[in-house]
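Structural features, examined
Read off the chains here:
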Amino acid sequence: MPNRSTISTDKAPAAIGTYSQAIKVGSTVYLSGQIPLDPATMTLVEGDIAVQIRRVFDNLSAVCDAAGGNLQAIVKLNIFLTDLSHFATVNEIMAQYFHEPYPARAAIGVAALPKGAEVEMDGVLILE
């Protein structure tokens, strides 16, 4: 595929399976799901859901930076939660990382996530 490249950074957790942190095709970057892993230790961060959500946004931000963009350039964000009662906390913390216009977004309740995480996010980034 022409203009396809892999995005990788040690400032976000290394892939724990057969995937890349992100793939850039033209000016579009497809961000793989990030869970609240500390990139230095590759272990889940300790703390409540707010700590986990912040770590996920920090991980996504690191991959966006490596791609030459930032969180504000995310046009589509998918949020996976093992407990949808945490959705208000996601909104509160997301407002600290994003400003209007916010990305299009989906929030999906799931039974389980890798490594026992309570939250995972992926997205699509457009570079200008």
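Right, let's walk through the structure included here. (Residues numbered from 1 in each chain as written. Predicted model: local features only at pLDDT ≥ 70, side-chain atom pairs only at ≥ 80, totals over all residues. Heavy atoms only, no water.)

Okay, the side chain of T9 next. Structurally, the position occupied by T9 is in the loop between strand 1 (4–7) and strand 2 (22–25). A polar contact is formed between the side chain of T9 and the backbone nitrogen of K11, at a distance of 3.1 Å. (Helix = DSSP H or I, 4+ residues; strand = E, 2+ residues; numbered from the N terminus. Polar contact = N/O pair within 3.5 Å; in protein donor to acceptor, adjacent residues only side chain to side chain.)

The strands making up a sheet are joined through hydrogen bonds of the backbone, oriented either antiparallel or parallel. If you walk across this open sheet you meet the six strands as 1-2-3-6-4-5, and the pairing is mixed. The open sheet terminates on both sides in strands that have one partner only, identified here as strand 1 and strand 5 (104–109). Between one strand axis and the next, the sheet turns by 15° as a mean value, whatever way the strands run. Sheet topology note: the strand 4 (residues 74–81)/strand 6 (residues 119–126) ladder contains seven bridges and is antiparallel. Opposite F80, over in strand 6, you have E120 as the bridge partner. (Pairing = 2+ DSSP bridges. Axes fitted to C-alpha atoms, helices over the stretch in contact; angles between N-to-C directions.)

What follows concerns the side chain of Q21. For Q21, the location among the structural elements is in the loop between strand 1 and strand 2. Taking relative accessible area as the criterion, Q21 reaches 6% and is therefore assigned buried. At 2.6 Å, the side chain of Q21 forms a polar contact with the backbone nitrogen of T9. Leave out the neighbours within four places in its chain, and Q21 touches I7, S8, T9, A12, P13, A14, Y30, L31, S32 and V63. (Buried < 20%, exposed > 50% of the residue type's maximum accessible area, 1.4 Å probe, protein only. Contact = heavy atoms within 4.5 Å.)

So, on to the nonpolar core. Residues L31, F57, L77, M121 and L125 are the most contacted members of the largest nonpolar core, which totals 29 residues. Where this core is concerned, the elements lending two or more residues are strand 3 (28–34), helix 1 (49–67), strand 4, helix 2 (87–97) and strand 6. Among the elements that take part in this core, helix 1 stands out by supplying 10 residues, more than any other. (Core = buried A, V, L, I, M, F, W, Y, C linked by side-chain atoms within 4.5 Å.)

Before going further, it helps to spend a moment on the packing of helix 1 against helix 2. To characterise two packed helices, one gives the angle between the axes of the helices and the distance between these axes. Across the interface, helix 1 lies against helix 2 with an axial gap of 10 Å and an inter-helix angle of 40°. By the angle between their axes, helix 1 is oblique relative to helix 2. Note that helix 1 runs across helix 2; the crossing there is right-handed. Facing I49, A50, I53, R54, F57 and D58 of helix 1, the residues of helix 2 in contact are T89, V90, I93, M94, Q96 and Y97. Split by residue class, the contact of helix 1 with helix 2 holds eight nonpolar, two polar and two charged. (Parallel < 35°, antiparallel > 145°, perpendicular 65-115°, else oblique. Left-handed = near helix turned anticlockwise from the far one by under 90°. Nonpolar A, V, L, I, M, F, W, Y, C, P; charged D, E, K, R; others polar.)

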